[in-house]
Amino acid sequence: MRSSIIIVSIVFGLLSFSSKAQQSNDKIQIMLVGFGHLSQLGNGTEEANIFSKKKQAELEKLSAKIEAFQPDAVMVELTPEDQAWTDSVFSAYKKRSLNLENLEYGAGETFQVAFRVAQAQKLNHVYGIDFDNSTSQSLLKSGENYEIFQKQLDKLQHTARPMAQMIQKDSLSIYDFVKKINEPEIIQLTHRLIFNLPAYVQNGEWDEDGLGYRVLNAQEKQYAGAEHISEFYNRNLKIYSNILNTQLKTGSKRIYLQMGQAHIGVLEDLLADNPNYEIIDPLKYLN
């Protein structure tokens, strides 16, 4: 009798393990890679030229590492409303009839990395999942306790700017740069700056000059930092919604998502709470 109980327990244990494994296998795998916008690195010198032979080799190496994930969908920082244009450009890219040097933002990571990955995987589309609402890390201008936010902003700028300058001088490869800014501590540094520490700031102002932001009313000024967080979070919630709905439409199971690095932390938080998704650490591939 005792041996029968043991056998039954083992069987149920194996069934439970099999069920859990099946649930894990059914999850949508998504790998998020954050970028500093490559199109902003050009300064007129050959060392900073994204189209130089050296930097193109660095981009090939980076793309090859990402391709190893074997995504069946590639999502980028373009909007769903521009999908017809994106499809047209990607089609021309695959036919080698597109000169990226003549395309606005052709030096950017969408065309230099995401298009490479999608072509290598023989995909028909690169999907835009952005929400078109410009946000700036320097939006918050002043207020009580502003120095707490400013200290974090300075820390981020003193981390990121030297790396960008090293790329421009050819002393840091694009591959190593992307790998570095996707390390958890750098993701967290950006995430705190945008989605946590601004809440300290009250009775403040936004920098509205030329950015098209709304003028804060009296109550919004009282909670200027919290409003700053809300502005960024609102945009990323809509990006998250676009990710979910694009996946539903395509049925994709292995998604490569490429965005500006400031989006990665919040999107990881949202996706980690979704039981249908499994986040894949990009450093397993980039390392």
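A brief report on the enclosed structure follows. On a predicted model such as this, the values are computed, not experimentally measured, just so you know.

### What to know about the environment of Val 74
Tracing the sequence through the fold places Val 74 in strand S2 (residues 73–76). By relative accessible area, Val 74 is classed as buried at 0%. In the structure, Val 74 is positioned 50 residues away from Asn 124 in sequence and 10.0 Å away in space, judged by C-alpha atoms.

### Looking at the sheet that holds strand S3 (residues 127–128)
Across the sheet, which stays open at both edges, the five strands sit in the order S3-S2-S6-S1-S7 with parallel pairing between neighbours. The open sheet has two edge strands with one neighbour each: S3 and strand S7 (277–280).

### Examining the packing of aromatic side chains
For any two aromatic rings, the description comes down to two numbers: the centre-to-centre distance and the angle of the planes. On inspection of all chains with the given rule, the structure shows nine aromatic pairs. With centroids separated by 6.4 Å and ring planes inclined at 20°, the aromatic side chains of Phe 90 and Tyr 93 adopt a geometry described as stacked. You can see Phe 90 and its partner Tyr 93 sitting in helix H3 (residues 83–94), three residues apart, about one turn around the helix. Across this residue pair, the class does not change: Phe 90 and Tyr 93 are buried. Where Phe 90 meets Phe 115, the ring centres are 5.0 Å apart and the plane angle is 65°; that geometry is what we call edge-to-face. One end of the pair, Phe 90, is in helix H3; the other, Phe 115, is in helix H4 (residues 109–120), with 25 residues separating them in the sequence.

### Things to note about the pairing of strand S6 (residues 254–260)
Counting buried residues along S6, six of its seven residues qualify, which places the element largely inside the surrounding structure. The pairing of strand S1 (residues 28–35) with S6 spans seven bridges and is parallel. By the bridge assignment for S6, Gly 34 is matched with Met 259. One ladder, built from three bridges, connects S2 with S6; its direction is parallel. Note on S6: the bridge partner recorded for Val 74 is Tyr 256.

### Some points on the layout of surface pockets
Of the pockets and cavities examined, the largest pocket occupies roughly 1600 Å³. If you go around the largest pocket, you meet 49 residues; those closest to its centre are Gly 36, His 37, Gln 40, Glu 77 and Gly 260. Among the secondary structure elements, those contributing two or more residues to the lining of the largest pocket are H4, helix H5 (146–168), helix H6 (174–181), helix H7 (184–195) and helix H9 (224–250). When residues of the lining of the largest pocket are assigned to their parent elements, the largest contribution, ten residues, is made by H5. Across the lining of the largest pocket, the residue classes tally to 19 nonpolar, 22 polar and eight charged. Its volume calculated, the second largest pocket comes out at about 200 Å³. If you go around the second largest pocket, the residues you meet are Gln 56, Tyr 93, Arg 96, Leu 98, Leu 100, Phe 111, Gln 112, Arg 116 and Gln 119. A per-element tally of the lining of the second largest pocket places H4 first, with four residues.

### As for the nonpolar core
Grouped together as the largest cluster of nonpolar side chains are 39 residues, with contacts concentrated most on Leu 62, Val 74 and Tyr 256. At the level of secondary structure, the elements contributing two or more residues to this core comprise S1, helix H2 (53–67), S2, H3, H4, H5, H6 and helix H11 (283–286). Here the element with the most residues in this core is H4; it accounts for six residues. Excluding residues that lie within four positions of it along the chain, Leu 62 makes contacts with Phe 35, Val 113, Ile 174, Tyr 175, Val 178 and Leu 286.

### Focus: the pattern of salt bridges
Two side chains bearing opposite charge may form a pair once their charged atoms approach each other closely. Tallying each qualifying case throughout the model produces nine salt bridges. Of the charged contacts, one joins Glu 77 and Arg 235 as a salt bridge, the two residues approaching to 3.5 Å between their closest N and O atoms. Within this pair, whereas Glu 77 is found in the loop between S2 and H3, its partner Arg 235 is found in helix H9, the two being separated by 158 residues in sequence. With a shortest N-O distance of 3.0 Å, Arg 235 and Asp 130 are connected by a salt bridge. Here the residue Arg 235 occupies a position in helix H9, and Asp 130 occupies one in the loop between S3 and strand S4 (140–144), the gap between them amounting to 105 residues.

### Some thoughts on unusual backbone geometry
Positive phi is not limited to glycine here, since Gln 70 has a value of about 55°. With respect to the helices, strands and loops of the structure, Gln 70 is situated in the loop between H2 and S2.

### Side note on the side chain of Ser 52
Relative to the assigned elements, Ser 52 resides in the loop between S1 and H2. Looking at Ser 52, its side chain comes within polar contact range of the main-chain oxygen of Asn 49, at 3.0 Å.

Analysis parameters
Residues numbered from 1 in each chain as written. Predicted model: local features only at pLDDT ≥ 70, side-chain atom pairs only at ≥ 80, totals over all residues. Heavy atoms only, no water. Helix = DSSP H or I, 4+ residues; strand = E, 2+ residues; numbered from the N terminus. Buried < 20%, exposed > 50% of the residue type's maximum accessible area, 1.4 Å probe, protein only. Pairing = 2+ DSSP bridges. Phe/Tyr/Trp six-rings, centres within 6.5 Å; stacked < 30°, edge-to-face > 60°. 1 Å grid on protein atoms, 1.4 Å probe; cavity = no way out; pocket = protein on both sides within 12 Å on 5 of 7 lines; lining within 4 Å. Points joined across faces, edges and corners; volume = space filled by probe spheres on them. Nonpolar A, V, L, I, M, F, W, Y, C, P; charged D, E, K, R; others polar. Core = buried A, V, L, I, M, F, W, Y, C linked by side-chain atoms within 4.5 Å. Contact = heavy atoms within 4.5 Å. Salt bridge = Lys/Arg side-chain N within 4 Å of Asp/Glu carboxyl O. Polar contact = N/O pair within 3.5 Å; in protein donor to acceptor, adjacent residues only side chain to side chain.

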